[in-house]
Amino acid sequence: MLDGDKPTRLTVAVLQEKCQTSLAHGLDDEEAARRLEKYGKNCLPEEPPKPLLKLIIEQFEDLLVRILLGAAMVSLILAFFEDDEEEQLTAWIEPIVILVILILNAIVGVWQERNADEEIKALMKLSASKAVVLREGKEKTIPAEQVVIGDVILCSSGDQVPADARICELRSTTIRVDQSTLTGECYAVIKHEEPIHDDDSPFALNILYSSTNVTYGKAKCIVTSVGLDTEFGKIYKGTKETEEEKTPLQKKLDDFGDQLTKVITVICIAVWVVNLPHFTSKGGWLKGCIFYAKQAVALAVAAIPEGLPAVVTTCLALGTRRMAKKKALVRKLPSVETLGCTTVVCSDKTGTLTTNKMVVRKIRTVSASGLVKYTVKGTNFNPVDREKWGHGSDCCVDPQTLIEKDGRPVAAPLGGDQALADMSAVMALCNEANLSYNSELQQVERVSDAMEASLLVAVEKLGSADRGVNIELQMIQEPEKRLSACRKAWTDMYTKNGTLEFTRDRKSMSVHVTSSKGGDQLFVKGAPDFLIERCTHVKLDNGKVERLDAKTKATILEEYHMLASGAESLRCLGMATKTETVFSALDLKDPSQFVKIESGMTFVGFVGILDPPRKEVKEAIEQCNHAHIRVIVITGDNKDTAEAICRE
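Keep in mind that this is a model prediction, so the values were computed, not measured. (Residues numbered from 1 in each chain as written. Predicted model: local features only at pLDDT ≥ 70, side-chain atom pairs only at ≥ 80, totals over all residues. Heavy atoms only, no water.)

## A look at the overall build of the chain
Here's step 1: Scanning the chain from N- to C-terminus turns up 22 helices and 24 strands.
Here's step 2: By residue count, 46% of the 648 residues in the chain fall in the buried class.
Here's step 3: If you take every contact in the chain between residues at least 6 apart in sequence, the share linking residues at least 24 apart comes to 71%.
Here's step 4: Of the roughly 32800 Å² that the chain leaves accessible, carbon and sulfur atoms contribute 55%. (Helix = DSSP H or I, 4+ residues; strand = E, 2+ residues; numbered from the N terminus. Buried < 20%, exposed > 50% of the residue type's maximum accessible area, 1.4 Å probe, protein only. Contact = heavy atoms within 4.5 Å. Areas by Shrake-Rupley, 256 points an atom, 1.4 Å probe, with all protein chains shown as cover.)

## Some details on the sheet that holds strand β8 (residues 213-216)
Here's step 1: Strand order in the open sheet formed by 3 strands is β6-β5-β8, with antiparallel pairing between adjacent strands. Of all the strands in the sheet, just β6 (189-191) and β8 have a single pairing partner and so form its edges. Neighbour-to-neighbour, the strand axes of the sheet open up by a mean angle of 45°, direction not taken into account.
Here's step 2: Here 3 bridges tie strand β5 (residues 175-178) to β6, and the two strands are oriented antiparallel to one another. Of the residues in β6, the one forming a bridge with V177 is V189. (Pairing = 2+ DSSP bridges. Axes fitted to C-alpha atoms, helices over the stretch in contact; angles between N-to-C directions.)

## Thoughts on the environment of L429
Here's step 1: Position of L429 relative to the elements: it lies in helix α13 (residues 418-429).
Here's step 2: Since its relative accessible area comes to 2%, L429 is described here as buried.
Here's step 3: Distance from L429 to T491, taken between C-alpha atoms, is 6.9 Å for residues 62 residues apart in sequence.

## Some points on the packing of aromatic side chains
Here's step 1: The tally for this structure, following the rule as stated, stands at 4 aromatic pairs.
Here's step 2: Ring centres 6.4 Å apart and planes at 25° place the aromatic pair W490 and Y494 in the stacked group.
Here's step 3: Given the relative accessible area of 13%, W490 is considered buried.
Here's step 4: When the ring of Y494 is compared with that of F523, the centres are 5.3 Å apart and the planes differ by 70°; the resulting orientation is edge-to-face. Taken together, the positions of Y494 in strand β17 (residues 494-503) and F523 in strand β19 (residues 520-526) put the pair 29 residues apart, joining distant regions of the chain.
Here's step 5: A residue is classified by how much of its surface remains accessible, and Y494, at 12% relative accessible area, is buried. (Phe/Tyr/Trp six-rings, centres within 6.5 Å; stacked < 30°, edge-to-face > 60°.)

## Observations concerning a nonpolar patch on the surface
Here's step 1: On the surface, I96, V100, I103, L104 and I107 cluster together to form a nonpolar patch covering roughly 450 Å² of accessible area.
Here's step 2: Within the secondary structure layout, I107 lies in helix α5 (residues 85-123). (Patch = residues over 30% accessible without salt bridge, like charges linked within 9 Å, V, L, I, M, F, W, Y side chains within 5 Å. Salt bridge = Lys/Arg side-chain N within 4 Å of Asp/Glu carboxyl O.)

## Looking at unusual backbone geometry
Here's step 1: The residue S211 is not glycine, and still its phi comes out positive at about 75°.
Here's step 2: Within the secondary structure layout, S211 lies in the loop between β7 (207-208) and β8.
Here's step 3: The buried category is assigned to S211, whose relative accessible area is 1%.

## Topic: the side chain of R487
Here's step 1: Mapped onto the fold, R487 is located in helix α17 (residues 485-493).
Here's step 2: Within the buried core, R487 has no salt-bridge partner, and the shortest N-O distance to an opposite charge, that of E432, equals 6.9 Å.
Here's step 3: Within the structure, the side chain of R487 is placed 3.0 Å from the side chain of N434, a separation counted as a polar contact.
Here's step 4: Residue contacts for R487: discarding those within four places in its chain leaves A428, N431, A433, N434, L456, V459 and E460. (Lys, Arg positive; Asp, Glu negative; His and termini not counted. Polar contact = N/O pair within 3.5 Å; in protein donor to acceptor, adjacent residues only side chain to side chain.)

## Concerning the sheet that holds β7
Here's step 1: Reading across from one edge, β2-β1-β3-β9-β4-β7 is the order of the 6 strands in this open sheet, with antiparallel pairing throughout. Sheet topology places β2 (138-143) and β7 at the edges, where each strand pairs with a single neighbour.
Here's step 2: Where strand β3 (residues 152-156) meets strand β9 (residues 218-225), 5 bridges bridge the pair, whose relative direction is antiparallel. Bridging from a neighbouring strand, C155 pairs with A219 of β9.
Here's step 3: Contacts between helix α1 (residues 12-19) and the sheet are confined to β4 (164-170) and β9, with β9 contributing the most and set at about 45° to the helix.

## Some words on the packing of α13 against helix α14 (residues 450-462)
Here's step 1: Where α13 contacts α14, the axes come no closer than 8 Å and their chain directions differ by 140°. Judged on the interaxial angle alone, α14 and α13 are oblique. The hand of the α13/α14 crossing is left-handed. In contact with L420, S424, M427 and A428 of α13, α14 contributes L455, L456, A458, V459 and L462.
Here's step 2: Considering only residue class, the contact of α13 with α14 consists of 8 nonpolar, 1 polar and no charged. (Parallel < 35°, antiparallel > 145°, perpendicular 65-115°, else oblique. Left-handed = near helix turned anticlockwise from the far one by under 90°. Nonpolar A, V, L, I, M, F, W, Y, C, P; charged D, E, K, R; others polar.)

## With respect to the packing of α14 against α17
Here's step 1: For the pair α14 and α17, the least separation of the axes is 7 Å and the interaxial angle reads 90°. On the basis of the axis angle, α14 is roughly perpendicular to α17. Only A485, C486, R487 and W490 of α17 make contact with α14, whose side of the interface consists of L456, V459 and E460.
Here's step 2: Here the residues of the contact of α14 with α17 are counted per class, giving 5 nonpolar, no polar and 2 charged.

## What about the nonpolar core?
Here's step 1: Counting 48 residues, the largest nonpolar core has I363, M575 and V607 as its most contacted members.
Here's step 2: The contacts of M575, once residues within four sequence positions are left out, are M423, V426, M427, L455, V524, K525, L531, T602, F603, V604, G605 and V607.
Here's step 3: One finds V366, L531, A576 and I645 within the second-largest nonpolar core, a separate group that totals 26 residues. (Core = buried A, V, L, I, M, F, W, Y, C linked by side-chain atoms within 4.5 Å.)

## Points about the pattern of salt bridges
Side-chain pairs of opposite charge can arise where the charged atoms are in close proximity.
Here's step 1: Counted under the stated rule, the structure contains 20 salt bridges.
Here's step 2: Two residues, E559 and K373, come together in a salt bridge whose shortest N-O distance is 4.0 Å. Here E559, found in helix α19 (residues 550-565), pairs with K373, found in strand β12 (residues 370-376); they are 186 residues apart in sequence, far enough to count as distant.
Here's step 3: You can call E559 buried: its relative accessible area is 7%.
Here's step 4: R482 is the partner of E460 in a salt bridge, and the nearest nitrogen-oxygen pair spans 2.8 Å. With E460 in helix α14 and R482 in helix α16 (residues 479-483), the pair connects residues that are 22 residues apart, well separated along the chain. By the burial criterion, E460 is buried, and R482 matches it.
Here's step 5: The structure contains a network of salt bridges with shared partners spanning E31, R34 and R35.

## A short note on α19
Here's step 1: With 16 residues, α19 extends 22 Å between its outermost C-alpha atoms, agreeing within 8% with the 22 Å of an ideal straight helix rising 1.5 Å per residue.
Here's step 2: Those residues of α19 lying buried are T552, I556, L557, E559, Y560 and L563. All buried residues of α19 project into a common sector of 160° when viewed along the axis, lining one side. With respect to the buried face of α19, the exposed residues turned more than 90 degrees away are A550, K551 and E558.
Here's step 3: Contacts from the buried residues of α19 go to β11 (359-367), β12, α18 (528-532), β20 (535-539), β22 (571-579) and β23 (601-610). (Expected span 1.5 Å × (residues − 1). Arc of directions from axis to C-beta.)

Following this line, the structure appears as structure tokens:
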């Protein structure tokens, strides 16, 4: 439909013409049905289950198993020619035992693979289940698999993108998308609607990609690819095209079986040939031939370790069971042994070594003598720093254990630093995210952008300026109340009047608020280096507001650059306030005026945010080192950020 044209380069008008659609009207239901039939459903193809017979046959593909099967068959045939009744009974027992062992071996293998397939099906639910589209001028919610090329989709904060789509119209000043499922980048990416002619990057900034998540903003888009033609679909195809390699154990068993076959064949032929002169002594040449052939086969069967496949299968099954207890999914039994031969582990960073949950790690405010340095503990979105929400004394965590000032634990940090209190207010109010409690998993989850959610968690960890209130916070048992207790205190104190949304040119966003005590203010957050250029004053920890001189500004920027690009490589956000701003005088319809509104501000501090490593990672790496296994981190993230995580 696009005739080879890249949708990233086309103007919105040309794209509508190429896709034969309209941003105002969308597709007709009849046309959508025709395209659905022509291009197929917007989903990844579900592989048909492997037939039971094929699964059973696969269990007999090992050379050693085939040798045993062949030996058993020959033994059964020769048992028919046994004249002595007692000897005939003995002749039947051995091949039957071998066959029983092989059948049990096959049953265990088939059961393991069927079980793993069922679990994999349960895990393959990454694609969006619903999509909001414009059909015949009306917004409709349809199953994501019914989205077709040319559909106009409406994406907003919290939505999972159903297909690759070109952004044609922003319905907010900006839109941010979490692309970690594709790139491994833990930070949300800012997207826009302008054509891109220099599109060497594999992930364009004017395309929303299937299975990514919108964390902020709204946009109207035209679908350009569906199903396997999406970037997510191409990754899926790539994983299916890889050839299966045999594990080291399978290779060793095949080599052993190959050598054993050659040696046994030579010995059996030699035994039969050596006894050629004795054939007539067994009542005739034919009977002698059969007798010594049975002797040669008996020798071959005796040389074959028929118990080896059963022992190997049993050991691998026990290994699979142990790994299942550690929440590891094993599809094929021989894969377990591969771990024993591992010399290098290549691991993804985001979501594997790290929690994929942003947390505020550093906070900086200004004092008369320099910078005040705070360190915030925690690795998840739980303000009491627990993987799962506890009860009773387990959830009573003193904020003093979570906040350190200049290396020492501090109780009620807001009480001794008024600039920090202003930062807490900015983080709580200049924020579109929310925290929610998943009662089933007993975990705190974010709603919307991870970075904004991390600011809310920091607000709760900072607590109140009153030590007594902090003690009361510790005693709150209901997760829903504790998750927003401190934020609620700020929202009770200030009324939010309007939002100046984020734009790429000024790299900041702000909210206009009115205090319950009277007086209007502007709370601003954004890139520290951009924000400080529009600040004329700075608030100190003692509450004094002073002129922002060149020395103080240089000190702040030096610390910012050290945290952002130094050993720690944190994502930094600055905070500022502005008083005496009348809401009715603000022009909120023209984003180009926002930078003028956000000028003459008072700088209050900045935070450093990190996607922290999982607590268990350090021990796991130590165990790998002890086992002489080299660990390599693979990431699409910034190199300095990856190195900072590895050092930590």
